[in-house]
Amino acid sequence: MLAASAWVIVQNTGREPKAIASIADIKGCIIGVQLGTTGDVKASALEKEGHNEVERYTKAADAVQALTQGKIDCVVVDEQPAYAFCRQTNGIRVLAEPLSTEYLAMCLAKPDSIMARMVNNAIRTLKQKGIIDTIIDRHIKGDASTAYTPKRGGRAAGVLTVATNATFKPYEYYDHGNIVGIDIDIAHAIADELNMDIKVEDMEFDAIIAAIQNGKARIGAAGMTVTPERKGSVLFTEPYATSRQMVIVRDNNGSATAGHGIISRFKNNFIADGRYTYLLKGLGNTLIITVCAMLISLLLGTLIAVIRTTHDNNGSMPIANILCKTYLMIIRGTPTMVQLLIIYYVVFAAVDISKVLVAVVAFGLNSAAYLAEVIRSGIMAVDKGQMEAGRSLGLSYATTMRRIVMPQAFKNVLPAIGNELITLLKETSISGYIGLTDLTKGSDIIRSITYDAMMPLGLVAAIYFMLVIALSTGISRIEKRMRKNEYR
């Protein structure tokens, strides 16, 4: 680590190099932060003063990656994660002078004041016993992944669900498939004091408070600083540690990249500690979500298309048609991510439901709105004489639609249906916003451990590409088979 007085030359495309030697030098810089963190708050204050531009990332590792590439001038992040980033990434260093000093605490929902008192009593007891100090010392000084051995077995007082963001070593991070770190060990110790079992939920940092407020988690523990803004939304426990906001800058005496060979990087990203299992688990969830959502979208989309077409043809089912049009307007008029978050945090707020099921419902409902219009256009493209011929033969409207019109409609729009299903597959990549480990989230976990962006993302892109090719091939074969039946 270089001395604080050393000058760092930061290369930025289209900008003059910015020399950073101390906190005073960050004025006029582009600052990278993780969205929703204390670093974001501090940098936003500088931005409001008109001195700085702030780039916000969903993960601190992405901000550090942007720093090594010269896209930003510095990164503001908590002290221990800052040093962890520097140990893993060549070409960067931490300024000796802190930007600010804060207290770390856990958060609970405001109505949960009784639990807050219980947790505070547990924290006081753990402080008196020296357990919290021991946990912090073992993690920071001994570089331990776990520093506390929790009790095992079913507890009479129930389960303590802890929301965290496992990308901040040493506070919370993944190790051998498990979420570990200072906050996790302290949470285990608190659960032991309360005679409760513990369940840890990994999610985006800016989703933790929402999870607490909506009952998806009881406690938020993610190296969270007590701020007046957050106090307006949640209750904070007594502080259990102090932290400093540090500034990471590029080191002109070091390489901007790790410089490892492809084979060693591959081993580090996927083989070491069995990290490929994150991708396997994510791939499994992605396939389950995609297949189940496809079935929902095809069934619901077809039903909506038939209702709307029937109303257009003979004016029947007016109420059902209005409901369908309203549904289409709402779904097509709002982003998929917003729908996913609303279904998880609002619709199923009071229900302990599988996140996979939530994702299936969200993506199925979203895709159905687009498939409905695709299928409706296919029905309208079928000559009206087909319906008239079926009715003249004595078939009912429903039978004619099912046996004569719909097969022709599906054949006409099969390529468009295939495109929508491919879009559905790729849209599942946002499932990580509700703490679900899908394929993209699996790569995020690996990146948070290795700080290597290119290889995990490259492999995930290749996997998605192969899945799309397989789906496209399947649609093409179905299309060819339907064409052959045409000439028999």
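Heads up: these notes are all about the structure in this document. (Residues numbered from 1 in each chain as written. Predicted model: local features only at pLDDT ≥ 70, side-chain atom pairs only at ≥ 80, totals over all residues. Heavy atoms only, no water.)

**Some words on the overall build of the chain**
Here comes step 1: On a plain count of helices and strands, the chain comes out with 17 helices and 15 strands.
Here comes step 2: The C-alpha extent of the chain, read off along each of the three principal axes, is 90 × 55 × 45 Å.
Here comes step 3: The buried share of the chain, reckoned over its 488 residues, is 51%.
Here comes step 4: For the chain, contacts bridging at least 24 residues in sequence account for 75% of all contacts bridging at least 6. (Helix = DSSP H or I, 4+ residues; strand = E, 2+ residues; numbered from the N terminus. Buried < 20%, exposed > 50% of the residue type's maximum accessible area, 1.4 Å probe, protein only. Contact = heavy atoms within 4.5 Å.)

**A word on the pairing of strand β3 (residues 30-34)**
In regular strands, side chains alternate between the two faces of the sheet.
Here comes step 1: Among the 5 residues of β3, 5 are classified as buried, and the element is accordingly described as predominantly covered.
Here comes step 2: The side-chain alternation of β3 yields two buried faces, one formed by Ile-30, Gly-32 and Gln-34 and the other by Ile-31 and Val-33.

**Re the packing of aromatic side chains**
Here comes step 1: The final tally for this structure, using the stated rule, is 3 aromatic pairs.
Here comes step 2: Ring centres of Tyr-344 and Tyr-345 lie 4.8 Å apart, and the angle between their planes is 75°; on these two criteria the pair is classed as edge-to-face.
Here comes step 3: It is Lys-169 that lies over the ring of Tyr-173; its NZ or CZ is 5.2 Å from the centre.
Here comes step 4: Just above the ring of Tyr-344 sits the side chain of Lys-216; from NZ or CZ to the centre is 4.6 Å. (Phe/Tyr/Trp six-rings, centres within 6.5 Å; stacked < 30°, edge-to-face > 60°. Lys NZ or Arg CZ within 6 Å of the ring centre and 35° of its normal.)

**Things to note about the packing of helix α4 (residues 113-129) against helix α6 (residues 182-193)**
Here comes step 1: Running from amino to carboxyl end, α4 crosses α6 at an angle of 110°, the nearest separation of the two axes being 9 Å. Taken together, the axes of α4 and α6 lie roughly perpendicular to each other. Along the contact surface, α4 presents Val-119, Ala-122, Ile-123, Thr-125, Leu-126 and Lys-129, while α6 presents Ile-186, Ala-189, Ile-190 and Glu-193.
Here comes step 2: Of the residues assigned to the contact of α4 with α6, the class counts are 7 nonpolar, 1 polar and 2 charged. (Axes fitted to C-alpha atoms, helices over the stretch in contact; angles between N-to-C directions. Parallel < 35°, antiparallel > 145°, perpendicular 65-115°, else oblique. Nonpolar A, V, L, I, M, F, W, Y, C, P; charged D, E, K, R; others polar.)

**A word on the environment of Ala-163**
Here comes step 1: With respect to the helices, strands and loops of the structure, Ala-163 is situated in strand β9 (residues 159-164).
Here comes step 2: By relative accessible area, Ala-163 is classed as buried at 0%.
Here comes step 3: For the pair Ala-163 and Lys-129, spaced 34 residues apart in the sequence, the C-alpha separation amounts to 25 Å.
Here comes step 4: In this view, Ala-163 contacts Glu-201, Met-203, Ile-208, Ala-217, Ile-219, Gly-220 and Ala-221; residues no more than four positions away in its chain are not counted.

**Regarding the pattern of salt bridges**
Here comes step 1: For the structure on display, the rule yields 17 salt bridges.
Here comes step 2: Note that Asp-273 is salt-bridged to Arg-275, the shortest N-O span being 3.1 Å.
Here comes step 3: Judged by its relative accessible area of 9%, Arg-275 is buried.
Here comes step 4: Residues Asp-312 and Arg-376 are paired through a salt bridge, measuring 3.4 Å at the closest nitrogen-oxygen approach. Linking Asp-312 in helix α10 (residues 276-314) with Arg-376 in helix α13 (residues 355-381), this pair joins segments that are 64 residues apart in sequence.
Here comes step 5: By sharing partners, the salt bridges in this structure join Lys-59, Asp-62, Glu-204, Asp-444 and Arg-447 into a single network. (Salt bridge = Lys/Arg side-chain N within 4 Å of Asp/Glu carboxyl O.)

**Let's talk about the side chain of Glu-79**
Here comes step 1: The topology assignment puts Glu-79 in helix α3 (residues 79-88).
Here comes step 2: For Glu-79, the contacting residues outside a window of four places in its chain are Ser-243, Arg-244 and Met-246.

As far as function goes, none of this settles anything; it's purely spatial.
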